[in-house]
Amino acid sequence: LGSPAVLAEEQPEMKDLSTRLCKDVMILTGEDRVIGLAFLQGYRLGKKNTTKYDPEALGQISDKFMDYCLDNPKEKALAAFEKIAN
């Protein structure tokens with residue numbers, strides 16, 4: 001077993017989705033933004049207890065979310081996404 005300092009370094013930094021702001025998503029670029037949006041979409045599908053989805057509808061939701069976040073950068077991203085995606 002390693003020392004506590006070494007073990008702490010090996011642990012990934014945990015983040016809480018509910019605390020992330022729209023601006024946190026907006027500053028992501030490229031693949032990181034795609035992953036962030038996919039994570040939000042997956043979270044939403046999980047809450048709906050379904051694995052079925054319409055790719056076109058998901059794209060429209062993502063576009064609406066990004067537009068909303070541009071106008072509301074300090075809003076919580078998850079709350080905004082759930083409001084838009086309902």
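Residues numbered from 1 in each chain as written. Predicted model: local features only at pLDDT ≥ 70, side-chain atom pairs only at ≥ 80, totals over all residues. Heavy atoms only, no water.

J.: Tell me what's going on with the state of the cysteines, and back it up with residues and numbers.
T.: Tallied over the entire structure, the rule returns one disulfide. Between the sulfur atoms of Cys 22 and its disulfide partner Cys 69 the distance amounts to 2.2 Å. Given an S-S torsion of about -50 degrees, the disulfide between Cys 22 and Cys 69 has left-handed geometry. In this pair, Cys 22 sits in helix H2 (residues 22-26) while Cys 69 sits in helix H4 (residues 55-71), placing the two residues 47 residues apart along the sequence. Grouping residues by exposure puts Cys 22 and Cys 69 together as buried. (Disulfide = S-S within 2.5 Å. Helix = DSSP H or I, 4+ residues; strand = E, 2+ residues; numbered from the N terminus. Buried < 20%, exposed > 50% of the residue type's maximum accessible area, 1.4 Å probe, protein only.)

J.: Lay out the pattern of salt bridges in plain terms, naming residues and giving numbers.
T.: Within the structure shown, the criterion is met by three salt bridges. In this structure, the salt-bridge partner of Glu 75 is Lys 83, at a minimum N-O distance of 3.0 Å. (Salt bridge = Lys/Arg side-chain N within 4 Å of Asp/Glu carboxyl O.)

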